[in-house]
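Given next are the chains, with one letter for each unit.
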Amino acid sequence: MTISNIWVVVEPSSASLTTTSLELLSHARSLGASVSAITWGDGASNAAQAGEYGASTLYDVGDLAGALPGVPVAYAIAALVDSLGAPDAILLPTSYDGRDIAGRLSAKLDRPVLTNVTGLLDEGGLVTEHPIFGGSQTVRARFTGEGPGIVVVRAKSFAVESANGAPATIVSASSGDTGAAGAAKILTSHVEERTGPKLEEASVVVSGGRGLGEADKYALIEEAAKLLNGAPGASRAIVDAGWVPYSHQVGQTGKTVKPTVYIACGISGATQHMVGMKGSKNIVAINKDPDAPIFQIADFGIVGDVHKVLPALIEALKARS
Amino acid sequence: MNIVVCVKQIPDPAAPQSLDASFNLDRSGKLILDEADTYGVEMALQLVDKAGSGEVTVVSMGSGTDLAGVRNALAMGAAKAVIVSDESLRGTDALGTAKVLAKVIEGINPDLVLCATESSDGYTGTTPVQLAELLSLPSITFAKAITVDGETLKVERQTESGYDEVVSPLPALVSVTAGVVEPRYASFKGIMAAKSKPVETLSAAELGLEGVTGRAGARQEITAVVAAESREAGEKYVDEGDGAQKIVAFLESIKVL
C-alpha cells in the first residue's frame, strides 16, 4: 500500500501558519500524497499559504469561542473521518495544542498515536523515525492496525519548500457538541516580553545550565546572546529550578534548535538536552568537567570555569562591537 | 477534595538505558518514581490540604513488581495506591495505558486527576489527554500554576509566547510541568507510615482489559533500531586564560563573527 492521502493539522500563529505546520505540509506533499489541512481560529485566513505549501483543501473548524483547541479540533477531525473515510495518516506538529489534539483524537477514534517523530518514509506504507537515548539511536516504527495512524512530528524535522500551489479551498468543519470534555476555556492570554530573535529561529543560541551556579548568573547568558545577535536558551535543570521561564528550554521537553552555532555554558549534556540541540551546525561547549558528555558532540570545547570564560568572552565581543 | 495522581515507575534515568530483544525498554533494574510525577503528587497534597478534606490516591500501571516508586509517593503523603501490574502489560502503548488508568479512575471518581506532561522514559506525552477523553473530562495540559476555588479550577497553562489563564469546572484532568510546585522530600515519619498504607494491586484481566494492552493491543510496532548519524568530538582545550579568545577565533572560522 502506498501513501495516497495525508491530512495535516496546521496551527495558526498571528498572521501566518506556524513554521512546523509548513514543514509538515511540505513533507506530506513530497511523499506524493494528496494533502488536506485542518485549522481553526483565524487559520483559514492563511488558505493561500496552506495552498502554496501543498494543501488542496483547508478544513476550517473556525472560532473556538475561547475553548482550548484540543477537544473541538479533534472532534471535528473525527467527524471528517466519519464522513470522508480515513486518510493514510494524520500529521500534527509537536506543540502544546498539537499534542492535545493528537491525544484527544487518538482516544476518540480508538487509533494509536506515534509521537516525537523526526522522519517519515514511504516503504510501501508509512514508516516513522524517532530519536531515542538522546539521539544516539533511531527507532523505526509503523502502524499495524486499521488507520488513520496519528503522527506527531517534532519541529525542524523537514525543510519548508513551497509547491507554488493555488490557494487551498476552504471547507467548513464542525466539532459538534463537545460536552463536558470541551468545558475548559481560556480567560486571558499573557505574552512574555521578548527582544531579539526567537529561540527556534536564531542563528546563534547561547544556553546556560546548572554549571552557572545561581539564577543571577543567567544574565551573562543573555548578554552573550545579545552581543552575538542570538537567543538565550536553557537546560531543563535550570528551568525546573525556576531560574528562567520554560519558553527558554532546549531539549526533549523543550524546543528543538538547529542554529549555525550553539554555545553550551555549564551544561553537562543530559540526553534530555542533547536531543534538542544535536542538529546544530556547530556546537561550542564550556564546562569545567573534562568528561562531561557535552564534549562528545562539541566541535569546539573549552574545559574551564564558565564564570571566568563567559565574562571574558563577553568582554572580547564588546571590544569588537 | 479527592485527587488521583497518575504516576509511573521508571528505570533510573541516570543509569545506562537499553532496549531488550523485543525492542522494549529494559526495565529489569531498580525502578524509581519518575521525578516528573513528584510535582503532581506535591500539587495534589497541597490542594487537598487547602480544601481541608479529601485524600490523594496514586494510580500506576507497570509490568514489574517493584513498588519502591509508588511507596515514595505514599511516603510524601498520598493516602493510598492502586497499581495495575502484570507481565502481560509489557509493550502497552500510550492509548492502552490510558485505557487501564481510565478503568481504575472510573472506580474512584475523583474531583481532579493530575498527571505529568510526559514520562521521562517513554515521553509519548499523550496519555493524560487520552485519559481525559476516555473519562469525558475537560483537560488542561502544561500547567505551571493551579488553584481551586469551590467547583472552579483555574490554571496557568504554558504557551509558546507566555501563558494562558484557563478555567474549567470540576471534575477535570490537569497535566503539570516540572516547577509547578517544589516537591517535598519524604520524611522519616512519612517513609515509616507509607509501609502500612493500602496498596491495591490489580491485573489487566481483572479490569477486563486483556487484548487492548500489551504488544498486541498497541497496533504499532518497531521495525528496526539503527544507529543515528553521530557527531564526532572536535577540538578541546583546557582554559589557561585564553579560552574566550579561542572561542572568538572559532566563531570567526565559522563566519559567525
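Here the residue index of a chain counts from 1 through its sequence in written order. Labels follow written order: the first chain is A, the first ligand is 1, and so on. pLDDT decides what is reported in this predicted model: residues at 70 or higher carry local features, side-chain atom pairs at 80 or more are listed and counted, and totals for whole chains, interfaces and linings draw on all residues regardless. As a rule here, side-chain values cover all heavy atoms of the structure and leave hydrogens and water aside.

### A closer look at the interface of chain A and chain B
Stage number 1. The criterion used for residue contact is that any of the two residues' heavy atoms lie within 4.5 Å. Contacts between chain A and chain B engage 83 residues on the former and 77 residues on the latter.
Stage number 2. Summing both partners gives a buried area of about 7,000 Å² for chain A against chain B, and 56% of it is carried by carbon and sulfur.
Stage number 3. On the chain A side of the contact with chain B, Tyr96(A), Arg99(A) and Phe300(A) bury the most area, a combined 11% of that side's loss.
Stage number 4. By convention in these notes, a salt bridge is any Lys or Arg side-chain nitrogen within 4 Å of a carboxyl oxygen on Asp or Glu. Applying the counting rule to chain A against chain B returns ten salt bridges.
Stage number 5. Residues Asp97(A) and Arg157(B) are paired through a salt bridge, measuring 3.0 Å at the closest nitrogen-oxygen approach.
Stage number 6. Under the rule applied, a polar contact is a pair of N or O atoms within 3.5 Å (in protein, one hydrogen donor and one hydrogen acceptor; residues adjacent in sequence only if both atoms are side-chain atoms). Between the two partners, chain A and chain B, sit 43 residue pairs in polar contact (both at pLDDT 80 or more).
Stage number 7. Considering each element in turn, the side of chain A that touches chain B owes the most residues, nine residues, to helix 4 (residues 96-109) of chain A. For any pair of parts, buried area is found by adding up, for both, the accessible area (1.4 Å probe) each one loses once the two are put together. Only runs of H or I of at least four residues qualify as helices and only runs of E of at least two qualify as strands under DSSP, and these elements are numbered from the N terminus.

### Topic: helix 4 of chain A
Residue and element names in this part refer to chain A.
Stage number 1. Here helix 4 spans 20 Å end to end across 14 residues, near enough to the 20 Å set by a 1.5 Å rise per residue.
Stage number 2. Here helix 4 lies mainly inside the structure; 13 of its 14 residues are buried.
Stage number 3. Taken from the residues just after helix 4, aspartate 110 is the one with a positive phi, measuring 55 degrees. A helix is expected to span 1.5 Å multiplied by its residue count minus one. In this scheme, a residue with accessible area under 20% of its type's maximum is buried, one over 50% is exposed, and one in between is partly exposed, where area comes from a 1.4 Å probe on protein chains only.

### Notes on the sheet that holds strand 10 (residues 137-143) of chain A
Stage number 1. Spatial ordering of the open sheet is given by 8(A)-9(A)-10(A)-12(B), a layout of four strands whose pairing is antiparallel. Of all the strands in the sheet, just strand 8 (119-122) of chain A together with strand 12 (220-227) of chain B have a single pairing partner and so form its edges. Adjacent strand axes in the sheet meet at a mean angle of 25 degrees when their direction is disregarded.
Stage number 2. Across seven bridges, strand 10 of chain A lies against strand 12 of chain B in antiparallel orientation. Each bridged residue has a counterpart across the sheet, and for Val139(A) the counterpart in strand 12 of chain B is Val225(B). Here the rule is simple: two strands pair whenever DSSP picks up at least two bridges between them. Orientation is described by lines fitted to C-alpha atoms, with helices fitted over the stretch in contact, and by angles between N-to-C directions that extend from 0 to 180 degrees.

### Thoughts on unusual backbone geometry
Stage number 1. At the junction of Gly147(A) and Pro148(A), the peptide bond is cis and its omega measures out at 5 degrees in the coordinates.
Stage number 2. When you line up the elements, Pro148(A) lands in the loop between strand 10 and strand 11 (149-153).
Stage number 3. For the peptide bond that leads from Leu170(B) to Pro171(B), omega is 0 degrees, which places it in the cis range.
Stage number 4. By the secondary structure assignment, Pro171(B) is in the loop between strand 9 (162-169) and strand 10 (172-176).
Stage number 5. Phi at Phe133(A) takes a positive value of approximately 50 degrees, unusual for a residue other than glycine.
Stage number 6. Checked against the element boundaries, Phe133(A) lands in the loop between strand 9 (126-132) and strand 10.

### Here's the deal with the domain arrangement of chain A
Residues and elements named next belong to chain A.
Stage number 1. Marked domain ranges trace back to an automatic or database domain assignment. What the domain assignment lists for chain A is domain 1 (5-182) and domain 2 (199-320).
Stage number 2. Put simply, the middle of domain 1 and the middle of domain 2, counted by C-alpha atoms, are 32 Å apart.
Stage number 3. Counting from both sides, the interface comprises eleven residues of domain 1 and, opposite them, 13 residues of domain 2.
Stage number 4. Note on domain 1 versus domain 2: buried area summed over both sides is about 890 Å², and carbon and sulfur give 41% of it.
Stage number 5. When the area that domain 1 buries against domain 2 is broken down by residue, the three leading residues are Gly134, Arg154 and Lys156, summing to 63%.

### Here we look at the packing of helix 3 (residues 94-108) of chain B against helix 4 (residues 127-134) of chain B
All names here are of chain B.
Stage number 1. The geometry of helix 3 relative to helix 4 is characterised by a closest axis approach of 8 Å and an angle of 50 degrees between their N-to-C directions. Our classification of the angle between helix 3 and helix 4 gives oblique. Judged by the sense of rotation from one axis to the other, the crossing of helix 3 with helix 4 is right-handed. Between helix 3 and helix 4, the contacting residues are Ala94, Leu95, Thr97, Ala98, Lys99, Leu101, Ala102 and Ile105 on the first element and Thr127, Gln130, Leu131 and Leu134 on the second. Working rule for angles: under 35 degrees goes down as roughly parallel, over 145 as roughly antiparallel, 65 to 115 as roughly perpendicular, anything else as oblique. By definition, turning the near helix anticlockwise from the far helix through less than a right angle yields a left-handed crossing, and turning it clockwise yields a right-handed one.

### Let's talk about the environment of Thr19(A)
Residues and elements named next belong to chain A.
Stage number 1. Among the secondary structure elements, threonine 19 is positioned in helix 1 (residues 19-30).
Stage number 2. By relative accessible area, threonine 19 is classed as partly exposed at 42%.
Stage number 3. On a C-alpha basis, the gap between threonine 19 and serine 4 in space is 24 Å, while along the polypeptide they are 15 residues apart.
Stage number 4. Apart from the residues within four sequence positions on either side, threonine 19 is in contact with Val160 and Glu201.

### What about the side chain of Thr92(B)?
Residues and elements named next belong to chain B.
Stage number 1. Looking at where threonine 92 falls in the secondary structure, it is placed in the loop between strand 5 (80-85) and helix 3.
Stage number 2. Owing to a relative accessible area of 16%, threonine 92 belongs among the buried residues under this scheme.
Stage number 3. Here glycine 214 takes part through its backbone nitrogen, which lies 2.8 Å from a polar atom of the side chain of threonine 92.
Stage number 4. The residues contacting threonine 92, other than those within four sequence positions of it, are Met61, Thr97, Thr213, Gly214 and Arg215.

### Examining the packing of helix 4 of chain A against helix 4 of chain B
Stage number 1. Running from N to C, helix 4 of chain A and helix 4 of chain B point in directions that differ by 45 degrees, and their axes come no closer than 8 Å. In terms of their interaxial angle, helix 4 of chain A and helix 4 of chain B are classed as oblique. Two packed elements cross with a definite hand, and for helix 4 of chain A against helix 4 of chain B that hand is right-handed. Judged by residue contacts, Asp100(A), Gly103(A), Arg104(A), Ser106(A), Ala107(A) and Lys108(A) of helix 4 of chain A engage Val129(B), Gln130(B), Ala132(B), Glu133(B) and Leu134(B) from helix 4 of chain B.

### Things to note about the confidence of the model for chain B
Stage number 1. Values of pLDDT, the confidence the predictor places in each residue, fall between 0 and 100. For chain B, the mean per-residue pLDDT works out to 94, and 100% of the residues sit at or above 70.
Stage number 2. The ipTM, which scores confidence in the relative placement of chains, is 0.94 for this predicted complex, and the corresponding pTM is 0.93.

### Looking at helix 2 (residues 68-76) of chain B
Stage number 1. Of all the positions in helix 2 of chain B, only Gly69(B), Val70(B), Ala73(B), Leu74(B), Ala75(B) and Met76(B) are classed as buried.
Stage number 2. Just past helix 2 of chain B, the residue Gly77(B) takes up positive phi, approximately 140 degrees.

### Quick notes on the sheet that holds strand 6 (residues 112-116) of chain B
Stage number 1. Read across the open sheet, the ten strands follow the order 13(A)-9(B)-8(B)-7(B)-10(B)-6(B)-1(B)-4(B)-5(B)-11(B); overall the sheet is mixed. With partners counted over all chains shown, the strands left at the sheet margins are strand 13 (185-191) of chain A together with strand 11 (199-202) of chain B, one partner each. Ignoring which end each strand starts from, the neighbouring axes of this sheet average 25 degrees apart.
Stage number 2. Taken together, the three bridges between strand 1 (residues 3-7) of chain B and strand 6 of chain B define a ladder with parallel strand orientation. Within strand 6 of chain B, the residue paired with Val5(B) across the bridge is Leu114(B).
Stage number 3. The strands touched by helix 1 (residues 35-51) of chain B are strand 1, strand 4 (56-62), strand 6, strand 7 (139-149) and strand 10 of chain B; relative to strand 1 of chain B, the strand with the most contacts, the crossing angle is about 170 degrees.

### Quick notes on the nonpolar core
Stage number 1. By size, the foremost hydrophobic cluster in this structure holds 39 residues, and its most contacted members are Ile3(B), Leu112(B), Leu114(B), Ile146(B), Leu153(B) and Val174(B).
Stage number 2. By residue number, the principal contributor to this core is helix 1 of chain B, which donates seven residues.
Stage number 3. For Ile146(B), the contacting residues outside a window of four places in its chain are Met43(B), Leu47(B), Leu114(B), Leu153(B), Lys154(B), Val155(B), Val174(B) and Val176(B).
Stage number 4. Only buried residues count toward a nonpolar core. Its members are Ala, Val, Leu, Ile, Met, Phe, Trp, Tyr and Cys residues joined through side-chain atoms within 4.5 Å. Judged by nonpolar contacts, the second largest core, of 36 residues, contains Val204(A), Tyr246(A), Val284(A) and Phe300(A).

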